[in-house]
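Architecture and fold: a report
Read off the chains here:
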Amino acid sequence: GADDTLTAALPAFDLRPINEDSDVPPARRLATLPVEIVVDTPKFAPAPLSPIRLSLWVVWGCMIFATGAVALLLQGVITLSERRGAFVSAVTHELRTPLTTFRMYAEMLSSGMVTEQDKQKQYTETLRVEADRLSHLVENVLAYARLERGRKGGRREDIALSTLMKRTNSRLADRAKQAEMQLEVDIAEELRDVVLHTDPNAVEQILFNLVDTACKYAAAGQDRTIEITASAESQGVALHVRDHGPGISEKFAGQLFQPFSKSVEDAAVTAPGVGLGLALCRRLASELGGSLELERCEEDAAFRLLLPQAK
C-alpha cells in the first residue's frame, strides 16, 4: 500500500541504499529504511511566447530602430553641415579673386593711371574674362540649387546634333582661347543629322563645364588641344570631351562627381573651383535621360556624355 502510494506520487523513482559515509539530504531519506529516493530530473517545456513578452520584444525592436534612424539622421545633418561649410568657404574664395580684380582694375582705369591703349585693352579683356568666370560660377550654383529643390529645367526639344554643336561652339572655343588652348570639334558626317531629344541649354552648360575642367587641368600640357568627338550608341549619341594634359589623379578621380568635394586647400594646389561643376554635369545629364562618365583619367583625361535620341 505504501509503495503504491509512493509510486503514484513519484511515477519515475528508484530506491538506492545509503552507505554510512554517504552525504544524503534528509529530504531524500526514508524515515525507517536506510535508502534514499532517486528521482529523474524533471523536464520543463519552454513557456509559450506570451502577449506581454511579445509586446516587450516589439517595443525593444522599435527602440533600436528609432535609435539607428536618429543616428543616421544626425550623421546626415553633420555631413551636410560640413559640406555646406566647405562650399561656403570655397565659394567665398572663388568670389574674392574676381571681385578684387574688378575693383583694382576699375580703379586704375577710372583714375587715368593706365594711359596706353594696349594696356587699357588688356585690362578691359581681363575684366571681361573675370566677369565670365563669375557668371559661370553663379550659373552653376543656381542650377545645382534648382536641382536640389527638385525643379525641372528648361524644355526639351528635338534638335539635330550639328545644330546643337553650332549653338555651343563659339562659347566653348572662347573658353579654350582664354586658357590659350584650341578646341577641335569633329563630328562624323553620318551623325550630323541625328536628332536628339534634349535641352540645348543644359547640354551647353555640361559641355562648357567639361571644357572648363580641361582648361584648368590640361593648361600645362604640351598638346594644348581639347577634342570633342561623337559616337553612335544604342541609346543615343555619346559626346567625348578629351584633353592631352597630365590627367586626373586617382585621389581626385574617386570624388570627381561629388558636390563640394574640393576644399580651398585643394583648389590652391590643383585648379580653382568649388568642386561643383562636374557634379552638376552628372545631375543635368541624368535629368536629360542620359549619363556622364569619366572614360579615362591617366594622362589624356576623357569624359563621355550620353544623350538620348529622339523617338
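Worth saying up front: this structure is predicted, and the values here are computed from it rather than measured. (Residues numbered from 1 in each chain as written. Predicted model: local features only at pLDDT ≥ 70, side-chain atom pairs only at ≥ 80, totals over all residues. Heavy atoms only, no water.)

Our next topic: the packing of aromatic side chains. Applying the stated criterion across every chain yields a total of 2 aromatic pairs. Between Tyr105 and Tyr123, the ring centres sit 4.4 Å apart and the planes meet at 25°, which makes this aromatic pair stacked. Here the residue Tyr105 occupies a position in helix α2 (residues 51–110), and Tyr123 occupies one in helix α3 (residues 117–148), the gap between them amounting to 18 residues. By relative accessible area, which is 17% here, Tyr105 ends up buried. For Tyr123, a relative accessible area of 14% translates into the label buried. Ring centres of Phe257 and Phe303 lie 6.3 Å apart, and the angle between their planes is 90°; this geometry places the pair in the edge-to-face category. A residue pair is termed long-range when its members are at least 10 positions apart, and Phe257 in the loop between α7 (250–253) and α8 (264–269) and Phe303 in strand β9 (residues 302–308) qualify at 46 residues. Note on accessibility: Phe257 and Phe303 belong to one class, buried. (Phe/Tyr/Trp six-rings, centres within 6.5 Å; stacked < 30°, edge-to-face > 60°. Helix = DSSP H or I, 4+ residues; strand = E, 2+ residues; numbered from the N terminus. Buried < 20%, exposed > 50% of the residue type's maximum accessible area, 1.4 Å probe, protein only.)

On to helix α4 (residues 161–178). The terminal C-alpha atoms of α4, which comprises 18 residues, lie 26 Å apart, in line with the 26 Å expected from a rise of 1.5 Å per residue. In α4, a bend of some 40° at Asn169 exceeds every other bend along the element. Restricting attention to buried positions, one finds in α4 the residues Leu161, Ser162, Leu164, Met165, Thr168, Leu172, Arg175 and Ala176. Looking at the residues trailing α4, positive phi occurs at Glu180, about 60°. (Expected span 1.5 Å × (residues − 1). Bend = angle between axes of the 7 residues up to and from the residue.)

Looking now at the pattern of salt bridges. Tallied over the entire structure, the rule returns 12 salt bridges. Close ionic contact of Arg146 with Glu287 constitutes a salt bridge, the shortest N to O distance being 3.5 Å. Here Arg146 is found in helix α3, whereas its partner Glu287 is found in helix α9 (residues 277–287), with 141 residues between them in sequence. Of the two residues, Arg146 and Glu287, both sit in the buried class. A single network of salt bridges, built from pairs that share partners, joins Glu125, Arg128, Asp132 and Asp174. (Salt bridge = Lys/Arg side-chain N within 4 Å of Asp/Glu carboxyl O.)

Along the chain, Arg175 falls in helix α4. Ignoring anything within four residues of it in the chain, the contact list for Arg175 reads Phe208, Val211, Asp212, Cys215 and Lys216. (Contact = heavy atoms within 4.5 Å.)

Generally speaking, soluble globular proteins have nonpolar side chains that are buried together. Ranked by internal contacts, the top residues of the largest apolar core, which has 49 residues, are Leu161, Ile226 and Leu239. For this core, the secondary structure elements donating two or more residues are α3, α4, α6 (200–217), β6 (225–232), β7 (236–242), α7, α9 and β9. Tallying contributions element by element places α6 first for this core, with 9 residues. In this structure, Tyr105, Met108, Tyr123 and Leu127 belong to the second largest nonpolar core, which totals 5 residues. (Core = buried A, V, L, I, M, F, W, Y, C linked by side-chain atoms within 4.5 Å.)

Another point: the pairing of β6. Relative to β6, strand β4 (residues 182–186) runs parallel, the two being bridged by 5 bridges. Its bridge partner being in β6, Leu183 is matched across the sheet by Ile226. Pairing between β6 and β7: 6 bridges, direction antiparallel. Bridge pairing links Thr229 to His240 in β7. Between β6 and β7, which pair antiparallel and follow one another directly, the connecting turn spans 3 residues. (Pairing = 2+ DSSP bridges.)

Another aspect to go through is the packing of α3 against α4. One way to put it is that α3 packs onto α4 with a least axis distance of 12 Å and a crossing angle of 125°. With respect to their mutual orientation, α3 and α4 come out oblique. Between α3 and α4 the crossing geometry is left-handed. Contact residues: α3 offers Arg128, Val129, Asp132, His136 and Glu139, while α4 offers Arg171, Asp174 and Gln178. Across the contact of α3 with α4, the residue classes break down as 1 nonpolar, 2 polar and 5 charged. (Axes fitted to C-alpha atoms, helices over the stretch in contact; angles between N-to-C directions. Parallel < 35°, antiparallel > 145°, perpendicular 65-115°, else oblique. Left-handed = near helix turned anticlockwise from the far one by under 90°. Nonpolar A, V, L, I, M, F, W, Y, C, P; charged D, E, K, R; others polar.)

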